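Residue-level structural notes
Here is what each chain is made of, one letter per residue.
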Amino acid sequence: MKLNILLIGSGGREHSLAISLAKSKSCGKLYAAPGNPGIFEKAEKADIVTNNHQHVVNFCKDKEISLVVIGPEQPLAEGLSDVLTGVGIAVFGPSKYAAGLESSKDFSKRLMQTHSIPTAFYKSFVASEMFEAHKFIDTMPLPLVLKADGLAAGKGVVIAQSYDDAHNAIDSMFAGEFGAAGNCVIIEEFMQGEEASVFVVTDGTDYLILPPSQDHKRIGNGDTGKNTGGMGAYAPAVIANSEVLEKVKVRIIEPILKALRDSGNPYRGCLYVGLMINNSEPKVVEFNARFGDPETQVVLPLIKGDLAKLFYTAAIGIIEKDSVEIIGNKSAVCIVLASDGYPDSYNKGYEIALPKIEDDYSFIIHAGTAIKDGKLVSSGGRVLGVVATGDSLNQAVKTAYILADEIKFDNKYYRNDIAQKGFKS
Ligand code: AMP
Ligand code: GLY
């Protein structure tokens, strides 16, 4: 069986997906939109506007697409999966309802509470309940966490260290700091522990857990400075060991999949479980309705086999988990190369010189790049991801940093401590 596949998205995550899909036995023709120069080394550009659903449907019919893989959250929240499945096209990516696990924190927290899934204690408030929200803040211990309900590109979370900060933050959220995403606000308890990301590929009932990973969200070494889209990742994350993962299965994954199934909206795609782990006890920080970025860049190199078949069988509700095999004795590291100034203001258009890679254990992932006048240039804050695999985490880290140094562009910035947490645990 050969599947023609359309991949939606344009970041590092989608470049990684494109690499793994392109080498899958079941992959026929691979198309991508909007894509990036790295993705277009593996996939043909689909000339479509991805938020025009009819456009996407017409393209799929024209090119006999059997599977659409949706990378980012926005198209899922806009119901692209529903539109495509409605015309008989298999989609790896959940329905709008199931994607509510990410697009509405209120929905997600309520579902967790109803099904006794471990997560931070919380209450949610709409703007007309502002008075109650302020009162609730005063009853909570510090620090406390405030979150805009809707999608806010990872920016809608405030960790308040003082009551003044918390009161101000809630006022700004209700005043529209995050647009409509802040029409409803979640106030929750701060959880101690260490974070890890677990990806679950599922057909709604059966599932496969991929190697756990850890992101590095802050811009500076030692997890300091502003939050970013992610400055690096490594896998497997030892903190999420087999004892922890067993608890995650029984207490989190199985109840949430059952809850969605019972509601008539089985979850099909990749469920991202963001965990806080304290003394081997996992709690949910957040669910995302998609693969993580940059975690995907380190998780996929630890999987061999036919990813296209895994995705397709999950999408049609009969997942064949043995389509892939998890490589147990390797580690992977991704270092994000950003433009200095990110996540605030930074320049674009720097010419990039890439070294030629001669081995098959390291590679360069494009995130914010473009071709201008025939040259590769930076076009975003996070420009590239350098990925290396190795027999040990130490080896993978060393290889990745050598490669990161060899890549040249002006104002290149990266953290020097990616994966160090993996040596401490
Ligand atoms: P979220 O968008 O919900 O993943 O939150 C963004 C980041 O804020 C998380 O990755 C955590 O680092 C932090 N965070 C969110 N909620 C909590 C919480 N209840 N306790 C501690 N840290 C949190
Ligand atoms: N790496 C965090 C995310 O993908 O949401």
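Placed above this text is the structure.
Read on for a plain summary of the structure.

Analysis parameters
Residues numbered from 1 in each chain as written. Chains lettered and ligands numbered in written order. Predicted model: local features only at pLDDT ≥ 70, side-chain atom pairs only at ≥ 80, totals over all residues. Heavy atoms only, no water. Helix = DSSP H or I, 4+ residues; strand = E, 2+ residues; numbered from the N terminus. Rg over C-alpha atoms; globule rule 2.2 N^0.38 Å. Contact = heavy atoms within 4.5 Å. Areas by Shrake-Rupley, 256 points an atom, 1.4 Å probe, with all protein chains shown as cover. Lys, Arg positive; Asp, Glu negative; His and termini not counted. Charge placed at Lys NZ, Arg CZ, Asp CG, Glu CD. Near = heavy atom within 4 Å. Polar contact = N/O pair within 3.5 Å; in protein donor to acceptor, adjacent residues only side chain to side chain. Nonpolar A, V, L, I, M, F, W, Y, C, P; charged D, E, K, R; others polar. Expected span 1.5 Å × (residues − 1). Bend = angle between axes of the 7 residues up to and from the residue. Buried < 20%, exposed > 50% of the residue type's maximum accessible area, 1.4 Å probe, protein only. Pairing = 2+ DSSP bridges. Axes fitted to C-alpha atoms, helices over the stretch in contact; angles between N-to-C directions. Core = buried A, V, L, I, M, F, W, Y, C linked by side-chain atoms within 4.5 Å. 1 Å grid on protein atoms, 1.4 Å probe; cavity = no way out; pocket = protein on both sides within 12 Å on 5 of 7 lines; lining within 4 Å. Points joined across faces, edges and corners; volume = space filled by probe spheres on them. Parallel < 35°, antiparallel > 145°, perpendicular 65-115°, else oblique.

Helices and strands together make up the secondary structure of the chain, namely 13 helices and 25 strands. Expected size for 425 residues packed as a compact globule is a radius of gyration near 22 Å; at 21 Å, the chain falls within 12% of this value. Principal-axis analysis of the C-alpha atoms gives the chain an extent of 60 × 45 × 45 Å. Restricting to contacts in the chain with at least 6 residues of sequence separation, those with at least 24 account for 68%. Summed over its atoms, the accessible surface of the chain is roughly 17,700 Å², and 48% of this surface lies on carbon and sulfur atoms. Mean positive and mean negative side-chain charge positions of the chain (43 and 51 charges, respectively) differ by 3 Å.

A few words now on unusual backbone geometry. The step from alanine 33 to proline 34 runs through a cis peptide bond, and the omega angle for that step is -10 degrees. Omega for the peptide link from tyrosine 342 to proline 343 comes to 10 degrees, which places this bond in the cis form. Tracing the backbone through its elements, the reader meets proline 343 in strand β20 (residues 331-343). Positive phi values are uncommon outside glycine, yet aspartate 223 reaches one of about 55 degrees.

On to the site of ligand 2, then. For ligand 2, the full set of nearby residues is Asp215, Tyr272, Asn288, Arg290, Gly292, Asp293 and Glu295. Note that a nitrogen atom of ligand 2 is positioned 2.9 Å from one of the backbone N or O atoms of aspartate 293. Within the complex, the protein chains bury 87% of what would otherwise be the 200 Å² of accessible surface of ligand 2. When its residues are assigned to classes, the shell around ligand 2 shows 1 nonpolar, 2 polar and 4 charged.

As a further point, take helix α9 (residues 242-262). Relative to the 30 Å expected for 21 residues at 1.5 Å per residue, α9 spans 28 Å between its end C-alpha atoms, a close match to the ideal helical length. Of all bends in α9, the biggest is about 40 degrees, found at lysine 249. When α9 is considered as a whole, its buried residues turn out to be Val244, Leu245, Lys247, Val248, Ile252, Ile253, Pro255, Ile256, Leu257, Ala259 and Leu260. Tucked inside the fold, the buried residues of α9 contact α5 (96-103), α6 (105-114), β10 (194-202), β11 (207-209), β16 (269-278) and β17 (281-288). Of the residues flanking the end of α9, it is glycine 264, one or two places downstream, whose phi is positive at about 85 degrees.

It is worth spelling out the sheet that holds β11 at this point. Spatially, the 4 strands line up as an open sheet ordered β11-β10-β16-β17, and their pairing is antiparallel. The open sheet has two edge strands, β11 and β17, and neither has a second partner. Pairs of neighbouring strands in the sheet enclose a mean axial angle of 30 degrees, with direction left out of account. Two strands pair when backbone bridges link them, and β16 and β17 are joined in this way by 7 bridges, in the antiparallel orientation. Across the sheet, isoleucine 277 pairs through a bridge with proline 282, a residue of β17. Across the sheet, α9 is in contact with β10, β11, β16 and β17; its angle to β17 comes to roughly 45 degrees.

A separate point is the site of ligand 1. The full set close to ligand 1 counts 15 residues, and Glu188, Met191, Glu195, Lys217 and Glu286 are the nearest of them. Lysine 105 is positioned such that a nitrogen or oxygen atom in its side chain is 3.3 Å from an oxygen atom of ligand 1. Measuring from an oxygen atom of ligand 1, one finds a side-chain N or O atom of glutamate 195 at 2.5 Å. If you list the elements that add at least two residues to the shell around ligand 1, you get β7 (144-148), β8 (157-160), β9 (184-189) and β17.

What follows deals with the nonpolar core. In terms of nonpolar packing, the biggest core is built from 73 residues, with Leu6 and Val333 touching the most fellow members. The element best represented in this core is α9, accounting for 9 residues. Discounting chain neighbours no more than four positions away, the residues touching valine 333 are Ala233, Tyr234, Val298, Val386, Val387, Ala388, Leu393, Ala396, Val397, Ala400, Ile418 and Ala419. One finds Ile39, Leu208, Leu302 and Ala308 within the second-largest nonpolar core, a separate group that totals 44 residues.

Right, let's get into empty space enclosed by the protein. Using the criterion set out here, one finds 2 cavities of 30 Å³ or more in the structure. Forming the boundary of the largest cavity are Gly12, Asp293, Pro294, Gln297, Cys334, Val336, Ile365, Ala367, Arg382, Leu384 and Gly385. In terms of residue class, the lining of the largest cavity is built from 6 nonpolar, 3 polar and 2 charged. Here the second largest cavity defines a volume of roughly 30 Å³. The class makeup of the residues in the lining of the second largest cavity is 6 nonpolar, 2 polar and 1 charged.

Contact pair α5 / α6: the axes reach a minimum separation of 6 Å and the direction vectors enclose 95 degrees. Judged on the interaxial angle alone, α6 and α5 are roughly perpendicular. Contacts between α5 and α6 pair Tyr97, Gly100, Leu101 and Ser103 from the former with Lys105, Phe107, Ser108 and Leu111 from the latter.

Geometric values such as these leave the question of function open.
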